[in-house]
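Examining the three-dimensional arrangement
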Amino acid sequence: DQQVKQNSPSLSVQEGRISILNCDYTNSMFDYFLWYKKYPAEGPTFLISISSIKDKNEDGRFTVFLNKSAKHLSLHIVPSQPGDSAVYFCAASVRSGNTPLVFGKGTRLSVIA
Amino acid sequence: EAEVAQSPRYKITEKSQAVAFWCDPISGHATLYWYRQILGQGPELLVQFQDESVVDDSQLPKDRFSAERLKGVDSTLKIQPAELGDSAMYLCASSLFFSPGGYEQYFGPGTRLTVT
């Protein structure tokens, strides 16, 4: 049973446009959500996070939105750049319970110049 | 910039052989994690250490996998005997504090294992 789902394996976006990556979760106990970015032959790099007490967190070109009622979060990248091309993993945890991260399968983003 | 080091970067082994991976976390990081990432999947936690103690190894297949962090610094993950299904990327991560929820975890480049 997959608790964190990224239903789009891949996404292609024109440079300068908005990239929207989606993530759904099933465990209502999750209270902390993270996005990691992974280039080939490298480990995942922490990108941005959001606590369940918020519905939006912004860091430069990256914004994460959380809709708790829908158990859905999304990562917006504006404007998209070719260097953003990577695999993006959504992850969730019950932070107060010190439980491990649960990752989605990832979405491969290709930003086309 | 401090990084998590892992070696080897790539390993090819025959099934039933033994294989070992090494991880050196960022200096001063008390917590160390080993993850396995199968192609097309997200990373899954295998084991986590707080200093030299195992905090969680509930997902570690203990019949063939073992992990140690004897002096609370670097760590070794071993598989014996390796099976075809063990082919995956093995990722090591560390964090300054106990942070299984993922905040401030830093990942190494991983070891790509292929079992033939």
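Look up a bit, the structure's there.
Because the structure is a prediction, the values reported are computed rather than measured. (Residues numbered from 1 in each chain as written. Chains lettered and ligands numbered in written order. Predicted model: local features only at pLDDT ≥ 70, side-chain atom pairs only at ≥ 80, totals over all residues. Heavy atoms only, no water.)

Overview of the overall build of chain A
Broken down by element type, chain A carries zero helices and eleven strands. Order of helices (α) and strands (β) in chain A, N terminus to C terminus: β-β-β-β-β-β-β-β-β-β-β. When its C-alpha atoms are laid out on the principal axes, chain A stretches across 40 × 30 × 20 Å. Split into buried and exposed, the 113 residues of chain A put 44% on the buried side. A separation threshold of at least 6 residues defines the contact pool for chain A, and within that pool the share at least 24 residues apart is 53%. Roughly 5,400 Å² of accessible area belongs to chain A as shown, and the carbon and sulfur atoms make up 49% of that amount. (Helix = DSSP H or I, 4+ residues; strand = E, 2+ residues; numbered from the N terminus. Buried < 20%, exposed > 50% of the residue type's maximum accessible area, 1.4 Å probe, protein only. Contact = heavy atoms within 4.5 Å. Areas by Shrake-Rupley, 256 points an atom, 1.4 Å probe, with all protein chains shown as cover.)

Let's talk about the interface of chain A and chain B
At the interface, 18 residues of chain A touch 20 residues of chain B. Together chain A and chain B conceal approximately 1,600 Å² of surface at their shared face, both sides included; 60% is due to carbon and sulfur atoms. Seen at the junction of chain A and chain B, the total is zero salt bridges. Along the contact surface separating chain A from chain B lie three residue pairs in polar contact (both at pLDDT 80 or more). Only β4 (32-38) and β9 (86-93) of chain A provide two or more residues apiece to the side of chain A that touches chain B. Among the elements that make up the side of chain A that touches chain B, the one with the highest residue count is β4 of chain A (four residues). (Buried area = accessible area lost by both parts, 1.4 Å probe. Salt bridge = Lys/Arg side-chain N within 4 Å of Asp/Glu carboxyl O. Polar contact = N/O pair within 3.5 Å; in protein donor to acceptor, adjacent residues only side chain to side chain.)

Here's the deal with the environment of Asn22 of chain A
Residue and element names in this part refer to chain A. For Asn22, the location among the structural elements is in strand β3 (residues 19-25). It is 16 Å that separates the C-alpha atoms of Asn22 and Arg61, two residues lying 39 residues apart in sequence. If near-sequence neighbours (up to four positions away) are discounted, Asn22 is found in contact with Lys5, Gln6, Trp35, His72, Leu73 and Ser74. Here the side chain of Asn22 touches His72 through a polar contact of 3.2 Å, side chain to side chain.

A closer look at the sheet that holds strand β7 (residues 65-68) of chain B
All names here are of chain B. Reading across the sheet, the four strands line up as β1-β3-β8-β7 and stay open at both edges, with antiparallel pairing between neighbours. Taken across any chain shown, the strands that pair with only one partner, and hence form the sheet edges, are β1 (5-7) and β7. On average, adjacent strands in this sheet sit at an angle of 15° to one another, irrespective of strand direction. Of the pairings in the sheet, the one linking β7 to strand β8 (residues 75-79) comprises four bridges and is antiparallel in character. Residue pairing in the sheet places Ser66 in a bridge with Lys78 of β8. (Pairing = 2+ DSSP bridges. Axes fitted to C-alpha atoms, helices over the stretch in contact; angles between N-to-C directions.)

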